[in-house]
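# Notes for the structure review
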Amino acid sequence: MDIFNYSRRDSSITHVGDITIGGDSPIRVQSMTTTSTNDTEGSVAQAERIIEAGGELVRLTTQGVREAENLQNINAVLRSHGYNTPLVADVHFNPHVAEVAALYAEKVRINPGNYVDPARTFKHLEYTDDEYSAELEKIEKQFIPLLNICRNNHTAIRIGVNHGSLSDRIMSRYGDTPEGIVESCMEFLRICKREHFDDVVISIKASNTVVMVKSMRLLVSVMADEDMNYPLHLGVTEAGEGEDGRIKSAVGIGALLADGIGDTIRVSLSEEPEEEIPVARHLVDYVCRRNRHLYIPGETDSSFNWLSPERRNTNKILNIGGDNVPVVITTDLENKGSSAGYNPDMISDYVYTGKTLPSTRIPGQRYIVDYSTYVRLYDHTDVYPIFPYNAIPFITGVKADVKFIVLPYGANADEYSACLKANPELVVVSTSHHANRIGEQRALAHEMMRYGLKNPIVFAQTYSHTQAEKGDFQIEAAADMGALMIDGLTDGIWLINYGDLDRHDIETTSFGILQAARLRTSKTEYISCPGCGRTLYDMRTTIARIKEATKHLKGLKIGIMGCIVNGPGEMADADYGYVGAGRGKISLYRKKECVAKNIPEEEAVDKLLELIAKCEK
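The residue numbers shown here count from 1 along each chain, following its written sequence. Note on the predicted model: pLDDT of at least 70 is required for a residue's local features to be given, and 80 or more for side-chain atom pairs to be given and counted; whole-chain, interface and lining totals, by contrast, use all residues. Each side-chain value is worked out from all heavy atoms of the structure, with water and hydrogens disregarded.

Let us look at the environment of Asp-323. Here Asp-323 is to be found in the loop between helix 9 (276-288) and strand 11 (327-331). Residues Asp-323 and Asp-491, spaced 168 residues apart in sequence, show a C-alpha to C-alpha distance of 9.4 Å. Every residue in contact with Asp-323, bar those within four places of it in the chain, is listed here: Arg-311 and Lys-316. The helix count covers DSSP runs of H or I at least four residues long, the strand count covers runs of E at least two residues long, and both are numbered beginning at the N terminus. Residue contacts follow a heavy-atom distance rule, with two residues in contact if any of their heavy atoms lie within 4.5 Å.

As structure tokens, then:
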């Protein structure tokens, strides 16, 4: 794996209706309907909105035979309207439903966690080797008939593993680990390979971006070891809605796209499905701009493990590096002041003000100024200098507890390493204007590691967006930071925008990115699914009500799930959960434990709030 130079991973070609996935095909974007699949008119209308927005595949839930059979009608109406977009049937629990759906859809998605194995109960199971082999034989017996039907009908298969629905069998042997997630997938892929069935797409999804990225990286490695190169579908499941959902999705998906991994994506938002498409499209187009960039001659440090990276060992300098959470730096050249009045946990740790300081400083706020300004100041309280690379000769002569140096990749390593070793209080600010900026930033970090340098690194990313383009800014910044954070290289983040974006929006984006990567918590996190035909309550209204009532609870994770399929699993690390249990019925969870079952929907939100209030006293 060349982590410094962008190129698409080589994959085989999968045929899905009239399109191909993998090979030299463009990265496809897709979404999923939220209508009942028995509702032909509603499903067609929503599918058409997805297609008109740019969706290249449309997935529909098929929880039963009736839904699977009605795909024939939905497909027929769409074709009569001039749409040839492939339909994907989403199947859980019932192999027979998959066999029926394969007759009427261009692709069938099955979930290894519940396709043959019983529904997850979080129970530990003990197997002898022979008993475990017998379970694998059960999978083969159920799966091969589906492969034969798909082969005869030119239907593709998506093997879609969800972190939240791993079987008790897999969990008991492998634990809740990327290794278990990958093995759950490989059990089915090995059968595909033995049966010479090649029209396969694979997905591994999780609401935890770190788990999702590590699992997909491991899958790529394991497949390569077993001579497989099937195309890959990417997504952060249960990402939520609004800005948080977009940032979280861009962190996880962007980290993988940066390494050339991914042939089709879905950005799962708790919004109307057509709203997912522009986000996915921009994310793909932004990352793919790196194609055919100038070569970066980076060299990976021998201690780095791409499959399971650990945080780089750095000096602790005040609140930067060491075991500190990554800091946030923002720019305020016009001395407009702070974000006081907003969430106090989302105010920048440092503010760069350039050549001047505000006439009235905010108590406790740390400032960064140009070194030439710093040396003229009488009062250095909470003020720290920043040096350009060409000012290295002046660094030792300036006294400060923390100093910052802007260091581009390609600088003389012997020169800057001597400076960094002589000045352990120096924090490196990594910048790049390369077409593949994170490639250069990775290269600099690895060069520092090879030289034995432990100075912290803050990654500075520059953009040029208007306030109207805030969404694009958030997607791009999250995508640029994703791999750097997952790789364990990040001691700080500094987003710089040359435009009229409000400082508060830049600030909250920075904190949102760090939270999405599980590096720093600054607000309540909502793990909410986008909904589908299995959702039997008003999800949008419910999410809004829960968010409004709990937004002040810093550090809590609250799951809001449409149904039982992935609910308890994906929110396994959530503090509280709200899960659809049937028409108009809700079950409440604390951690993995169901504490109340089948509550009427009209009472459930109040009951959840009562549960949180009681437990968080």
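Residue burial is assigned from relative accessible area. The probe radius is 1.4 Å, only protein chains are included, and a residue is buried under 20% of its type maximum, exposed over 50%, and partly exposed in between. Of all seven residues making up strand 17 (residues 457-463), six are buried, and the element is well covered by its neighbours. Where strand 16 (residues 426-431) meets strand 17, three bridges bridge the pair, whose relative direction is parallel. If you follow Ser-430 over to strand 17, its bridge partner there is Phe-459. Strand pairing is assigned whenever DSSP detects at least two bridges linking the two strands. Pairing of strand 17 with strand 18 (residues 492-497), which is carried by six bridges, proceeds in the parallel orientation.

Bringing the sheet that holds strand 20 (residues 557-561) into the picture now. As summarised here, the arrangement of the five strands in space is 19-20-21-22-23, forming an open sheet in which the pairing is mixed. Among the strands making up the open sheet, the edge pair consists of strand 19 (525-528) and strand 23 (593-600). Put simply, the sheet's adjacent strands are angled 20 degrees from each other on average, direction ignored. Sheet topology note: the strand 19/strand 20 ladder contains four bridges and is parallel. Paired with Glu-525 across the strands is Lys-557, a residue of strand 20. Helix axes are fitted to C-alpha atoms over the stretch in contact, other axes to C-alpha atoms as well, and angles between N-to-C directions run from 0 to 180 degrees.

For the rest of this paragraph, the subject is unusual backbone geometry. The backbone phi angle of Leu-318 is positive, close to 50 degrees, even though this residue is not glycine. Not every positive phi belongs to a glycine, and Arg-518 is a case in point at roughly 60 degrees. In this structure, Arg-518 sits in the loop between helix 15 (503-516) and strand 19. On the basis of relative accessibility, which here comes to 26%, the residue Arg-518 falls in the partly exposed class.

Here we take up the layout of surface pockets. In this structure, the second largest pocket spans a volume of roughly 420 Å³. Here a cavity is any set of points on a 1 Å grid over the protein atoms alone where a 1.4 Å probe fits but cannot get out, and a pocket is any open set with protein on both sides within 12 Å along at least 5 of 7 lines; a residue lines the site when it has an atom within 4 Å of a point. Lining the second largest pocket are 16 residues, and of these Asp-244, Met-346, Lys-523, Lys-547 and Lys-551 lie nearest its centre. Looking at the lining of the second largest pocket, the element that brings in the most residues is helix 15, giving four residues. Gly is put with the polar residues, along with every residue not named as nonpolar or charged; the nonpolar set is Ala, Val, Leu, Ile, Met, Phe, Trp, Tyr, Cys and Pro, and the charged set is Asp, Glu, Lys and Arg. Taken together, the residues that form the lining of the second largest pocket break down as three nonpolar, seven polar and six charged. Grid points are joined across faces, edges and corners, and a volume is the space filled by probe spheres set on the points.

This part takes up empty space enclosed by the protein. A complete count under the given rule lists three cavities of 30 Å³ or more for this structure. The computed volume of the second largest cavity comes to approximately 170 Å³. Looking at the second largest cavity, it is lined by 14 residues, and the ones nearest its centre are Ala-239, Asp-244, Lys-248, Glu-525 and Tyr-526. Those elements that place two or more of their residues in the lining of the second largest cavity are helix 8 (242-258), helix 15 and strand 19. Per-class residue counts for the lining of the second largest cavity are three nonpolar, five polar and six charged.

Looking now at the environment of His-552. Position of His-552 among the secondary structure elements: in the loop between helix 16 (539-550) and strand 20. Residue His-552 is classed as exposed on the basis of its relative accessible area of 59%. Between the C-alpha atoms of His-552 and Asn-343, which are 209 residues apart in sequence, the distance is 8.9 Å.

Take the packing of aromatic side chains next. Here is the rule: rings of Phe, Tyr and Trp (six-membered ring for Trp) pair when centre to centre is within 6.5 Å. Planes less than 30 degrees apart are stacked, more than 60 are edge-to-face, and the remainder are tilted. Scanning the entire structure with this criterion turns up eleven aromatic pairs. Look at Tyr-115 and Phe-143: their rings are 6.3 Å apart centre to centre, the planes differ by 85 degrees, and that puts the pair in the edge-to-face class. With Tyr-115 in the loop between strand 6 (107-110) and helix 4 (129-153) and Phe-143 in helix 4, this residue pair connects regions lying 28 residues apart in the sequence. Assigned by exposure class, Tyr-115 and Phe-143 land together as buried. Summarising the aromatic geometry, the rings of Tyr-115 and Phe-188 are spaced 6.1 Å apart at their centres and angled 75 degrees between planes, so their arrangement reads as edge-to-face. Here Tyr-115, found in the loop between strand 6 and helix 4, pairs with Phe-188, found in helix 6 (residues 178-194); they are 73 residues apart in sequence, far enough to count as distant. Accessibility assignment for this pair places Tyr-115 and Phe-188 in one class, buried. Site record: aromatic cluster; members linked through ring pairs are Tyr-115, Phe-143 and Phe-188. Here, over-ring charges are defined by two tests on the NZ atom of lysine or the CZ atom of arginine: distance to the ring centre within 6 Å, and angle to the ring normal within 35 degrees. Here the basic side chain of Arg-173 rests over the ring of Tyr-132, its NZ or CZ set 3.8 Å away from the ring centre. We note Arg-437 situated over the ring of Tyr-463; from NZ or CZ to the ring centre the distance is 4.8 Å.

The next point concerns helix 6. For a helix, the expected span equals 1.5 Å multiplied by the residue count minus one. For helix 6, which comprises 17 residues, the first-to-last C-alpha distance of 24 Å matches the rise-based estimate of 24 Å (1.5 Å per residue) to within 8%. In this analysis the local bend is the angle between axes fitted, respectively, to the seven residues ending at and the seven residues starting at the residue. When the local axis directions of helix 6 are compared, the greatest deviation, roughly 25 degrees, occurs at Met-186. Burial runs high along helix 6: twelve of the 17 residues are buried. Those residues of helix 6 that sit buried are Gly-180, Ile-181, Val-182, Glu-183, Ser-184, Cys-185, Met-186, Glu-187, Phe-188, Leu-189, Ile-191 and Cys-192. The secondary structure elements touched by the buried residues of helix 6 are strand 6, helix 4, strand 7 (156-162), helix 5 (168-174), strand 8 (200-205) and helix 7 (209-225).

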